[in-house]
Each structure stands twice: as structure tokens, then as C-alpha cells.
Amino acid sequence: MGIYDRDYYRNPGGNAQLKSWAMTAVGAIILLNVGFWFLQLITRPGPGAISTVGQFMSASGDSIFGGGFPELWRLVTACFAHSESSIWHIVFNMFIFWICGRELERIYGRREFLIFYLFAGTLAVLIESFVQFQQGSGGTPILGASGGVMGVMALYICHYPKRTWYIYFLIPVPAWLLGCLVLWGDLSGAVGHGNAGVANFAHLAGAGWGVLYKFFDLRWSTLRQRFGGGSRRRKKETRSQGSGSLWKGHQQKDEKPRVPDAVSRRVDELLEKIHQKGMGSLSDEEREFLVENSRRYRKS
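On a predicted model such as this, the values are computed, not experimentally measured, just so you know.

Caption draft 1: The arrangement of the nonpolar core in detail. Judged by nonpolar contacts, the single largest core of 43 residues is most densely connected at Phe97, Leu104, Val152 and Trp165. Sorting the residues of this core by element identifies helix H2 (25–42), helix H3 (52–57), helix H6 (88–108), helix H7 (110–135), helix H8 (146–159), helix H9 (175–190) and helix H10 (200–215) as the ones contributing at least two each. Here this core takes eight residues from H6, the largest share from any one element. Residues contacting Leu104, with those up to four places away along its chain left out, are Gly109, Phe113, Val152, Leu155, Tyr156 and His159. Counting eight residues, the second-largest nonpolar core is a separate cluster that includes Leu270, Met279, Leu282 and Leu290.

Caption draft 2: Summary view of the pattern of salt bridges. Evaluation of the coordinates by the stated rule reveals four salt bridges. In this structure, the salt-bridge partner of Arg44 is Glu84, at a minimum N-O distance of 3.8 Å. Residue Arg44 is located in the loop between H2 and H3, and its partner Glu84 is located in the loop between helix H5 (74–77) and H6; the two are separated by 40 residues in the primary sequence. For Arg44, a relative accessible area of 25% translates into the label partly exposed. A residue is classified by how much of its surface remains accessible, and Glu84, at 10% relative accessible area, is buried. Linking Asp217 and Arg219 is a salt bridge whose minimum nitrogen-to-oxygen distance equals 2.6 Å. Judged by its relative accessible area of 7%, Arg219 is buried.

Caption draft 3: Region of the structure containing the packing of aromatic side chains. Within this structure, the stated rule accounts for 14 aromatic pairs. Seen in terms of ring centroids, Phe119 and Trp209 are 4.5 Å apart; in terms of plane orientation they differ by 50 degrees. Their pairing is tilted. Within this pair, whereas Phe119 is found in helix H7, its partner Trp209 is found in helix H10, the two being separated by 90 residues in sequence. Note on Phe119: relative accessible area 43%, which makes it partly exposed.

Parameters and conventions
Residues numbered from 1 in each chain as written. Predicted model: local features only at pLDDT ≥ 70, side-chain atom pairs only at ≥ 80, totals over all residues. Heavy atoms only, no water. Core = buried A, V, L, I, M, F, W, Y, C linked by side-chain atoms within 4.5 Å. Buried < 20%, exposed > 50% of the residue type's maximum accessible area, 1.4 Å probe, protein only. Helix = DSSP H or I, 4+ residues; strand = E, 2+ residues; numbered from the N terminus. Contact = heavy atoms within 4.5 Å. Salt bridge = Lys/Arg side-chain N within 4 Å of Asp/Glu carboxyl O. Phe/Tyr/Trp six-rings, centres within 6.5 Å; stacked < 30°, edge-to-face > 60°.

In C-alpha cells, the structure reads:
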């Protein structure tokens, strides 16, 4: 049996344990956005006015940097609120998020992808709030998932630059070219040549985080190893090796116990890592190790 035949490898990121679409990170985020948008509509006092829920969830330069106690919760809640005057704001954001997010969640796993998205959205709102405050327009509400979605889109393009996208569902373009067009639009808006009311700096901050995340490997699991989490993990691995829980679980099912070699033990450890944290948690060396040894296990 080859390593590709094992349950862990067939279901990288633990997707087999996700009982429904709503239990994925992408599904949960979309449902939250839609749910809060309907709450905004219900609590809206009238046309042209922002709802009670929208007022509580939206951020602004004044609420974050305007003096007094900063209302930091708005950095997160603003990512789940959308314009109440048009349905297209939330529809467009969730459509792009759904297309790109599903692929990335399979790569990085549910938890890692959720951390990435929330950080991208929070950073985007923070940057936009700061810019507005410095420009003297700190009272303008900031709301929408666009910053986080731009981060997801940028990370997706870094992984799949040659994927074909369709502008207006008609014109085929590679993903990298579409990304450049979107980036140009936001850069133009940031210098005052775009549409008013668009959070261009939030878009740029989210996209910038997506690019940095990919090329500097800023996964949470990696950062923990870099800044002191490695020693704790090694102790945990030492305890698990002492108990032999993974191998003993396999050994009890066999009629004739057999002693695993070092390669088999490491394969099991890496597959368990994929199962727990997703395919994105593997280093380049670990990925190469699995690929190189796949032929050996297929013959066995």
C-alpha cells in the first residue's frame, strides 16, 4: 500500500472530518457575512441611513485613532458587515472568496486558513482607518470583507498564477494578469483617481499580506516554530514516541506484529501532521520526503 492510499493522504487538511459545507472555514465565513447582512437590513431605520448593527460593527479612523479608548473590536466586526444600499457589495465579495478560499483551505487546512483570513481582514481595516484619520476623514464608516478577500485572492494567484479567469464571464485572462489589473485599479484609487467610497488602502493591505504570507512562509505553525514553539513541540513528540500510540494502533490490527523502519515511522508522523494541520504545514523537505518514498510503499 502506497502513502497515497492512506486515509490521511487522501484527505489532506482533515476534510473528511468536515460533516458539511457549513463546517468548513469558507462556509462558516460566508454564512456569518450573509447572516450579519440580513441583521443589518432588519435594523435599518430607513433608506440612506446605516442600521444599528452596521453602526456597531463598522470601523472608522475616529473610532480607532481618534482618542480615548480605541474600539478595537471593530477591526474584526467590520470584516463581516457590508453596504446595505446594494446587494452587489456582499455578493461580489463572497463570490470571489468562495472561488479562491476553497482551494486555499484544502492547501493550508481549516485553522491555518481561518487565521490567515482574519488577520488579512483586520490588517486591512486597521490600515484604512489610519489613512482616513490622517486625511481628516476619520468619521467615514469602514465595512466589508474586501480587505480579507483581496488577501485570499492574492494568495490564490501566488499559488495558481496561470489559472484562467473570465472578466465579465466573457474575456479569458490568466490569474496573474487579473491580479495586476485589480492592483492597478486600487493604486489609482489610492492616489485619488478612483471611485470615491472604495477602501483602496484596505484592498492594498490585504493583497500585500497575501503576497508576504506566501513568499515568506508566514503560516502560524511556522511562526511558532521560529519563535520558541519548536521546543514545546519536540517535547510533545518525545512523549508521543514513548507511548508509540500511532504505531501501536496499527500493530494491534495486524495478526503478526512487525517492527517499522525509520522511514515508515516518519511517514506516519508526517501523515498525522497533515491530518491535524493540513498540507500547508509541511516544509519543502517534508513534501519531497513523502513524494520520494511513495514508490517504495506502493510496491510493498
